[in-house]
Amino acid sequence: METEGELIYKIAERIFPICRSITGDGVRQTLRILKEYCPELEIKEVPSGTQVFDWTIPKEWNIRDAYIEDSEGKKVVDFKENNLHIMGYSLPVDKFVSKEELLKYVYVEESQPEAIPYVTSYYKEKYGFCMSKNRRDSLKDGRYHMLIDSSLKDGSLTYGEIKISNGGGYKEDQEIFISTYICHPSMANNECSGPALAIYLADWIKRQSKRKYSYRIVFIPETIGSITYLSLHKDDLKEHVIAGFNLSCVGDNRAYSIVETRYGNTLTDKVLKNVLQYHAPEYCNYSFLSRGSDERQYNAPGIDLPVCSFCRTKYGRYPEYHTSLDDMDLISPEGFQGSFEVITQCIMALEYNEKYRVTCFCEPQLGKRGLYPTVSHKGQYSEVYKLTNLIAYADGKNDLIDISNRIQVPVKEMISNVDKLLEHGLLEIAEKEI
Amino acid sequence: METEGELIYKIAERIFPICRSITGDGVRQTLRILKEYCPELEIKEVPSGTQVFDWTIPKEWNIRDAYIEDSEGKKVVDFKENNLHIMGYSLPVDKFVSKEELLKYVYVEESQPEAIPYVTSYYKEKYGFCMSKNRRDSLKDGRYHMLIDSSLKDGSLTYGEIKISNGGGYKEDQEIFISTYICHPSMANNECSGPALAIYLADWIKRQSKRKYSYRIVFIPETIGSITYLSLHKDDLKEHVIAGFNLSCVGDNRAYSIVETRYGNTLTDKVLKNVLQYHAPEYCNYSFLSRGSDERQYNAPGIDLPVCSFCRTKYGRYPEYHTSLDDMDLISPEGFQGSFEVITQCIMALEYNEKYRVTCFCEPQLGKRGLYPTVSHKGQYSEVYKLTNLIAYADGKNDLIDISNRIQVPVKEMISNVDKLLEHGLLEIAEKEI
Amino acid sequence: METEGELIYKIAERIFPICRSITGDGVRQTLRILKEYCPELEIKEVPSGTQVFDWTIPKEWNIRDAYIEDSEGKKVVDFKENNLHIMGYSLPVDKFVSKEELLKYVYVEESQPEAIPYVTSYYKEKYGFCMSKNRRDSLKDGRYHMLIDSSLKDGSLTYGEIKISNGGGYKEDQEIFISTYICHPSMANNECSGPALAIYLADWIKRQSKRKYSYRIVFIPETIGSITYLSLHKDDLKEHVIAGFNLSCVGDNRAYSIVETRYGNTLTDKVLKNVLQYHAPEYCNYSFLSRGSDERQYNAPGIDLPVCSFCRTKYGRYPEYHTSLDDMDLISPEGFQGSFEVITQCIMALEYNEKYRVTCFCEPQLGKRGLYPTVSHKGQYSEVYKLTNLIAYADGKNDLIDISNRIQVPVKEMISNVDKLLEHGLLEIAEKEI
């Protein structure tokens, strides 16, 4: 049987080749593939020119073909070979130029001679080509044909949204929010990994039988997409979202990282740090000063949503970032498996997170209920401590994550004890104290 | 003249030989001896079968004799030689068995070949013998006579209680609480030391002329005794107790230890840590996660009494613990002296602990009152700082322990300055600010 | 053009030779010189015998001449050579004595054989001479003539006060307070430096065009002067002062030091620590337990003014302190320049310190306003972060100093960004949230 990580990797593999940008058919094509895994995904369009807070939705960009041909008719770079060769949002062009003139439109990353850099120009209309330093350096003098068969005209910004609210939970009016972005062309970790994990999570959430919360998962273009979504749904989100995760760069198998909310003190920060302290104690904790993805908008003053970014290796912190080296070999089923486990553990911790209260005074007599070993072995004993320490701090003041932090037991190892104690009537939810 | 430590050691010596358990005549005999040192000690009985919160008071256990005799009539173990040889709460037995059968009822501590371990079975009816590994290993094949002349039948749980409330103090409706346990047979540190110190303290408290608070000192069997006492007196204790100390393992002369309350933030935690930081700066501070004695019950959710455990070397943290090696050589007058000083310093600190306020604006002119040296020597000067720093923080916001922590002067070195300043009218108790 | 440090040094130079004490003509002469730099300085007199809180203003002391002459008519010490030779507040004397008798009135600092120590006896009437250990040791046997031509009689305590409140600021009813002392004779760092810096600052403040706050600068004798000033102006100061600085030992060029307020948590502590963490990261932070100058009175219980002491090397912490070695060579223009920069940066930070709030939801689009570089270079980029991080925390909850601490950018580097954002309407003062 395949692991979750393997299944997620396969989704990433399918969307990898598509040329995406912040608008256009690449986004629609990607969302249609994702919809196959979760039919609840709804595809939405917002027209170019719409004012979204301080911004305006730009024209829609589409591209069919592009290349540079040398005087011998040989294609120096070809959009069909790698869509990173064309600067995102390039205007159309069809022009014969000297090598000198050509180089004005060529972007390379000098420090990585083999890599094609990823470059865009969304808000200033121009065009350009990207190639490896090595290829540029090998260009001979002569005439070149620059061709970009693109269009930039009024259209719309496209995003996807999934709402899951049929779990029957008693807090169904509260939501856990997941956001990821679908505006990057053929790069694997940043960002085929986020959408692949998010759509798999959507399906996994639907399969959980008892769900206390509702869930909302959005697939948007970065920055302009989150601003657009917030301009449409700010009040709704502020009223309902209790925790949220921005998923980005979740497919490689190196570090684990969190980018905190503005003050690092929300329920999301708390649950992510709690899970990671046991799952990957050396995880990287970035403050909001190191932000760079959609957590920027979700945490802006006045928005104030409890949304952290979760990454394996954080965007901008690995050498392949924003180049053609960020390919399907950089990510792996193991990398996805780790991300999947962290996020599902967070979800389970949130689903079980209550302020519990023990129902009797003094310690309950566990022995008469078969919850205390009659002969003590060392291993068993530590299991007993997990139980008695849970009881000791179940005073209606701590939620389950607080207790986990205090008694240093992962929430996933506390859940069966919570169930047992609830069953024996020794624990209750201290709702009135919250 | 004898030190307090010597006097306390002698009390411990008297009660050491008695075979105690959580019920029975050993407890009564112990309390009668303690009563000689403080006639206010009242001996109380609670019948077997009484429901106490989630527990039930067990049958009363008494034992007259017990031994294992080999086929030659030689006693392999003898209750009269050491009462640890019999598992606590052993049912009566009188049976001839093979060595193989005998060994099913024999408990040893494999890691300590010379030690008789201390074993009990209060809530599951069975019987057993304890001996050193060495003795067990030397047993020859053959028939053995197991005899335990014990009884387990309805009776009562016995405890002792002292109330001291005739000090004329203005906070006599508030109590300082001391608890210790009298359910362990012949082991010295754990637990002849606690009762010996507690009864000596009772007498010492009575002898103090001005007492702001009332005092209550209880001598109970561990766990079931504190649960019983709490089931009878919970509301009374919660209303009146401002600080409490559970005394256990207070006779050896190695470490100083505290087991914090559930959140480590009560007045008791504060005063104990304050006193110990000066008296024994390397003291061991155990969180509530390391609990194990009656602080478990006093700090249970809904009980929430400010009771810390105070120990020299903490129960469970010294090799002789719960074995015959915990004998009168393990404890000493010096060990008791240290414990006595810590607890009496805590009591004095609590008795003097007020939020004081200086009565004039700006610094008072100490010189004209003879409180400031006219010629300054280095030694004197630090005495002046003790005085001026006390004044600087006597702003009605800090209690005396807060000031001691802040200015790094032990409370015992502040008391005479407080008296002097009160006398000169430069200090007052800021009662309204509390 | 001269630096501020050079100009301040020259002021110190002018007042250095004057013989000052807590009362008397030396104080008046000093204040008259300072008034030349800021005519707003008003000279006030409070009569001897006035009760000021727990103290009484002493008699006024003046001295015209003093010396010790040996039997050959040679002056062993001469007031005219160095006014430190005479114990402050010495009674008049005119007496021929033996060397043995003379030595009863001679003070030296044994550990510094070349230094004349600074000694006073304000509140016990006596007389005395100070000299270097070397000079004392060279005294021959024989008769000596002790002469002190001084007077101690009813007069007054003199102090100076400057009020600057014509800046048109919208918080003109709130004050920034500066205090320094003018009671030390010829010592440079302690204390010609404080008055020289303070009077220069008074002039500098007047020259600043937009001033939000009013300013008050006082020149008083230490201890009795601050007590006197507080006894007259306590309620006024408590109502209006938002931050205050006691300036002492501000002319040497070694350390930077702060003596915290009583709890180290006022706006003054905050702004001084903020400025120093960037200006001199290794500055010395002394708690109130290390106090010793007028911060003692400003922070006394019931006074509770937010006044820190600011020093270069703190009084009492440099070897030349309170001796003739604290001369004009110990201080320097560079030393003053550093002090001037710290205090003026504090003032600017306070003047700009508001809780700002960004005016749009999500990040503003900086590009369309020319606030975002179109091509990013590394250097520029960190400038962009200074801007975006300021915006991110401009949520109406943080004042500018909070933001500076959080984003680790000095306030002085934030001021132009604040101005730019205000100008573009992207920032507003969140007055209602304060």
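Everything quoted here is computed from the prediction, not taken from an experiment. (Residues numbered from 1 in each chain as written. Chains lettered and ligands numbered in written order. Predicted model: local features only at pLDDT ≥ 70, side-chain atom pairs only at ≥ 80, totals over all residues. Heavy atoms only, no water.)

### Some points on the overall build of chain A
What counts here: Helix and strand definitions follow DSSP, with helices as H or I runs of at least four residues and strands as E runs of at least two, each counted in order from the N terminus. Think of it in three bands: with a 1.4 Å probe and only protein chains considered, a residue is buried below 20% of the maximum accessible area for its type, exposed above 50%, and partly exposed in between. Computed with a 1.4 Å probe, the accessible areas rest on the Shrake-Rupley method; for each residue, only the protein chains presented here act as cover. Asp and Glu count as negative and Lys and Arg as positive, but His and the ends of the chain are not part of the count. For the purpose of locating charges, the reference atoms are NZ of Lys, CZ of Arg, CG of Asp and CD of Glu.
Scanning chain A for helices and strands turns up 12 helices and 19 strands. By its C-alpha atoms, chain A is 90 × 45 × 40 Å across when sized along the principal axes. Out of the 434 residues in chain A, the part that is buried amounts to 61%. Of the roughly 17100 Å² that chain A leaves accessible, carbon and sulfur atoms contribute 48%. Across chain A, the 53 positively charged side chains and the 64 negatively charged ones have centroids separated by 2 Å.

### Structural notes on unusual backbone geometry
Residues and elements named next belong to chain A. Its identity is not glycine, yet Cys362 carries a phi of approximately 60 degrees, on the positive side. Relative to the assigned elements, Cys362 resides in the loop between strand 17 (355-358) and helix 10 (378-393). The exposure class assigned to Cys362 is buried, which follows from its relative accessible area of 3%. With phi around 60 degrees, Gln408 is a residue other than glycine that occupies positive phi space. In this fold, Gln408 is placed in the loop between helix 11 (400-407) and helix 12 (415-423).

### Examining the sheet that holds strand 4 (residues 60-70) of chain C
Residue and element names in this part refer to chain C. Our working rule: Strands were regarded as paired on the criterion that DSSP finds at least two bridges between them. Only C-alpha atoms enter the line fits that serve as axes; for helices the fit covers just the stretch in contact. Angles between N-to-C directions range over 0 to 180 degrees.
Strand order in this open sheet of four strands is 5-4-9-6, and the pairing throughout is antiparallel. At either margin of the open sheet sits one strand with a lone partner, and together these are strand 5 (75-78) and strand 6 (93-98). Strand after strand, the sheet turns through a mean of 15 degrees between neighbouring axes, direction not considered. Pairing of strand 6 with strand 9 (residues 143-153), which is carried by six bridges, proceeds in the antiparallel orientation. When the sheet's bridge partners are listed, Val93 is paired in strand 9 with Ile148.

### Considering the environment of Arg296(B)
Put simply, the rule is: Residue contacts are counted whenever heavy atoms from the two residues lie within 4.5 Å of one another.
Here Arg296(B) lies in helix 8 (residues 295-298). Residues Arg296(B) and Ser90(B), 206 residues apart in the sequence, show an inter-C-alpha distance of 26 Å. Filtering out sequence-adjacent residues up to four positions away, Arg296(B) remains in contact with Glu363(A), Thr223(B), Phe288(B) and Arg291(B).

### Topic: the domain arrangement of chain A
Which entries qualify depends on this criterion: The split into domains, and so the bounds of each, comes from an automatic or database assignment of domains.
By the assigned domains, chain A splits into domain 1 (4-58 + 155-352), domain 2 (61-153) and domain 3 (355-429). Its C-alpha centre places domain 2 of chain A at a distance of 63 Å from the equivalent point of domain 3 of chain A.

### Side note on the pairing of strand 12 (residues 211-220) of chain B
Residues and elements named next belong to chain B. Burial analysis of strand 12 places 10 of its 10 residues in the buried class, the great majority of the element. With five bridges connecting them, strand 10 (residues 156-164) and strand 12 associate as antiparallel partners. Note on strand 12: the bridge partner recorded for Ile162 is Ile217. The pairing of strand 11 (residues 168-181) with strand 12 spans nine bridges and is classified as parallel. In the strand pairing of strand 12, Gly168 is matched with Arg211.

### Focus on the interface of chain B and chain C
Defined as follows: A quick way to say it: buried area is the sum, across both parts, of accessible area lost when two parts are put together, with a 1.4 Å probe. Basic side-chain nitrogens of Lys or Arg form a salt bridge, by our definition, when they fall within 4 Å of a carboxyl oxygen of Asp or Glu. Polar contacts, as counted here, are pairs of nitrogen or oxygen atoms within 3.5 Å of one another; within protein the pair requires one atom able to donate a hydrogen and one able to accept it, and residues that are adjacent in sequence qualify only if both atoms are side-chain atoms.
Residue-level contacts link 20 residues of chain B with 18 residues of chain C. Carbon and sulfur atoms supply 52% of the area buried between chain B and chain C, which totals about 1800 Å² over both sides. In terms of surface lost to chain C, no three residues of chain B exceed Phe361(B), Cys362(B) and Glu363(B), which account for 39% of the buried area on that side. Close ionic contact of Glu363(B) with Arg296(C) constitutes a salt bridge, the shortest N to O distance being 2.6 Å. The tally of links from chain B across to chain C stands at 13 residue pairs in polar contact (both at pLDDT 80 or more). Mapped by element, the contributors of at least two residues to the side of chain B that touches chain C are helix 10 (378-393), strand 18 (395-399) and helix 11 (400-407) of chain B. With five residues, the single largest contributor to the side of chain B that touches chain C is helix 10 of chain B.

### Here's the deal with the pattern of salt bridges
Per the counting criterion, the structure on display carries 108 salt bridges over all chains. Here Lys234(C) ties to Asp235(C) by a salt bridge, and the two come within 3.1 Å at their closest N and O atoms. A cluster of three or more residues bridged by salt bridges with shared partners is formed by Lys44(A), Glu161(A), Glu175(A), Arg216(A) and Asp236(A).

### Comments concerning the environment of Asn299(B)
Residues and elements named next belong to chain B. As for its placement among the helices and strands, Asn299 is situated in the loop between helix 8 and strand 16 (307-311). Taking the relative accessible area as the measure of exposure, Asn299 reaches 3% and is therefore buried. In contact with Asn299, other than residues within four places in its own chain, are Thr261, Arg262, Phe288, Asp304, Leu305 and Val307.

### Remarks on the interface of chain B and chain A
The figure often quoted for interface size is the accessible area lost as the parts come together. Taken together, the contacts link 18 residues of chain B with 20 residues of chain A. Among the residues chain B hides against chain A, the three largest losses belong to Asp54(B), Tyr263(B) and Leu289(B). Together they make up 35% of the total. Scanning the region where chain B abuts chain A turns up four salt bridges. For the salt bridge of Lys368(A) with Asp54(B), the shortest nitrogen-to-oxygen distance reads 3.6 Å. The interface formed by chain B and chain A includes 13 residue pairs in polar contact (both at pLDDT 80 or more).

### As for the sheet that holds strand 4 (residues 60-70) of chain A
Residues and elements named next belong to chain A. Within the open sheet, the four strands sit side by side as 5-4-9-6. Their pairing is antiparallel. What marks the edges here is a single partner per strand, and that holds for strand 5 (75-78) and strand 6 (93-98). Taken over all neighbouring pairs, the strand axes of this sheet differ in orientation by 15 degrees on average, direction set aside.

### Side note on the packing of aromatic side chains
All names here are of chain B. Our working definition: Each Phe, Tyr or Trp ring (for Trp, its six-membered ring) is paired with any other whose centre lies within 6.5 Å, and the angle between the two planes then decides the class: stacked below 30 degrees, edge-to-face above 60, tilted in between. Only when the NZ of Lys or the CZ of Arg is both within 6 Å of the ring centre and within 35 degrees of the ring normal is a charge said to sit over the ring.
Overall, the coordinates contain 47 aromatic pairs over all chains when judged by the stated rule. With a centroid separation of 5.7 Å and an interplanar angle of 65 degrees, the aromatic rings of Trp55 and Tyr123 are classed as edge-to-face. Here Trp55, found in strand 3 (residues 55-56), pairs with Tyr123, found in the loop between strand 7 (106-107) and strand 8 (129-130); they are 68 residues apart in sequence, far enough to count as distant. Sitting over the ring of Tyr67, Lys75 keeps its end group 4.3 Å from the ring centre.

### Some details on the packing of helix 7 (residues 267-279) of chain B against helix 11 of chain B
Residues and elements named next belong to chain B. Quick note on the threshold: Handedness of a crossing follows from how the near helix is turned relative to the far one, being left-handed for an anticlockwise turn of less than a right angle and right-handed for a clockwise one.
Look at helix 7 against helix 11: their axes get within 10 Å of each other, and the N-to-C directions meet at 40 degrees. Note on packing geometry: the crossing formed by helix 7 with helix 11 is left-handed. Contacts from Leu267, Lys270, Val271, Asn274, Gln277 and Tyr278 in helix 7 reach Ile401, Asp402, Ser404 and Asn405 in helix 11.

### Quick look at the side chain of Glu222(A)
Residues and elements named next belong to chain A. Turning to its location among the elements, Glu222 is positioned in the loop between strand 12 (211-220) and helix 6 (224-240). Buried charge Glu222 goes without a salt bridge, the closest partner of opposite sign being Arg296 at 5.7 Å. Looking at Glu222, its side chain comes within polar contact range of the side chain of Tyr181, at 3.5 Å. Within the structure, Glu222 has its side chain in polar contact with the side chain of Ser293 (distance 3.2 Å). Setting aside anything within four residues of it in sequence, one finds Glu222 in contact with Tyr181, Cys183, His184, Gly292, Ser293 and Asp294.

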